[in-house]
Amino acid sequence: MLPALRAFEAVARLGSVRAAAAELHVTPAAVSQQVKAMEADLGLQLIRRRGNALELTEAARAGSDTLSAGFRLLSEAVRQFRDHRASPQIRLSVDPTLAASWLIARLPRYRALSGSVDLLLDANRHYADFARDQIDAAIRFGIGKFPGLDAHFLLAEELFPVCSPKLLRGSHPLKNPSDLRHHTLLHNDWSSRLGNWPDWQDWLRQAGAKGVDAKAGLHFNDGLVVIEAALSGQGVYLANTTAVLDLIAAKKLVAPFAARVKSDLGYYFVCPEHLARRREIVILRDWLLAEAASYRQALKNGGSDP
């Protein structure tokens, strides 16, 4: 019964079978089957469809808040067990690209803080389930709506072309955006249902480039891999700020054009509300907020602060 309760709680809280499936790392069909099994066991209808939307029945609404509170209590119990270890630890869920390109280089400054604890980085592209995966905090990507979580804005994202410096010295130097027609475009074939994530077509339109095929080039499905392709001089990548700014500061990549396109998505530090005042969490959160503020100021000044 517990898997069915977990599936129903996620659907009720998130309002979507697909979102619940993503959180639980299962298929939408598996979530639907668990909810149906719970309805059969209780002899009650819990969820009905209204067009493309889901609606909780009166019976479901009566128990969903209590069920969510129960899972939060279970999570708190697990946390209390873990807090009795000899060495305190924070398990932080973070996107692998952000971890590799931004966070890891800054961790020595965190470890030097009074009150810092061991960090266990759970590098995962999927949203972690705080209770099931025993996650204490996370850096999540989105538009800032994280129900049931204490959230703090860290970083916004802009996208702009980057490439290896050696491409600027080739037979077709990048002097204006239309020169991209002589180069291979590198694509990260990633899209988000959370909000707007620009692509080459958006940037080329804004930059006024002519004669450039926005769909041609090399396509990848991982941000770290496409950055490696750019570093090795295989083409020009439309990169997001946090992924490449330190590489630009280190002169491993260059940004040949000033034009940028903005996304309405960004990074946020989040944790369950009942953990928000825990001393180790507060120290980590405040450090991340300070690092992010310094980074944003560096962006305004045209540099980086690795």
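Residues numbered from 1 in each chain as written. Predicted model: local features only at pLDDT ≥ 70, side-chain atom pairs only at ≥ 80, totals over all residues. Heavy atoms only, no water.

Undergrad: Would you mind going over the pattern of salt bridges with me for this structure?
TA: A pair can form between side chains of opposite charge whenever their charged atoms are brought close. Enumeration over the complete set of coordinates arrives at 11 salt bridges. Residue Asp129 pairs with Arg6 through a salt bridge whose shortest N-O separation is 2.2 Å. Highlighted residues: Asp129 in the loop between β4 (118-123) and β5 (137-142) and Arg6 in helix α1 (residues 2-14), separated in sequence by 123 residues. Residue classification places Asp129 among the buried residues on the basis of a relative accessible area of 1%. Arg6 gets classed as buried once you look at its relative accessible area, which sits at 14%. Residues Arg260 and Glu158 are paired through a salt bridge, measuring 3.4 Å at the closest nitrogen-oxygen approach. Here the residue Arg260 occupies a position in the loop between α8 (241-249) and β10 (261-272), and Glu158 occupies one in strand β6 (residues 149-162), the gap between them amounting to 102 residues. Overall, Arg260 belongs to the partly exposed group, its relative accessible area being 29%. For Glu158, a relative accessible area of 23% puts it in the partly exposed group. Residues joined in a network through salt bridges with shared partners are Arg6, Glu9, Arg13 and Asp129. (Salt bridge = Lys/Arg side-chain N within 4 Å of Asp/Glu carboxyl O. Helix = DSSP H or I, 4+ residues; strand = E, 2+ residues; numbered from the N terminus. Buried < 20%, exposed > 50% of the residue type's maximum accessible area, 1.4 Å probe, protein only.)

Undergrad: What exactly am I supposed to notice about the packing of aromatic side chains here?
TA: Remark: the centre distance and the inter-plane angle together describe each pair of aromatic rings, the angle taken between the planes. Applying the stated criterion across every chain, the model contains eight aromatic pairs. Ring centres of Trp102 and Tyr295 lie 5.9 Å apart, and the angle between their planes is 85°; on these two criteria the pair is classed as edge-to-face. Placement of the pair is Trp102 in helix α5 (residues 96-111) and Tyr295 in helix α9 (residues 279-301), with a sequence separation of 193 residues. Pair check on accessibility: Trp102 and Tyr295 agree, each one buried. Ring pairing ties together the aromatic residues Phe141, Trp197 and Tyr267, which thus form one cluster. In this structure, Arg260 packs its charged tip against the face of Phe160, placed 4.0 Å from the ring centre. (Phe/Tyr/Trp six-rings, centres within 6.5 Å; stacked < 30°, edge-to-face > 60°. Lys NZ or Arg CZ within 6 Å of the ring centre and 35° of its normal.)

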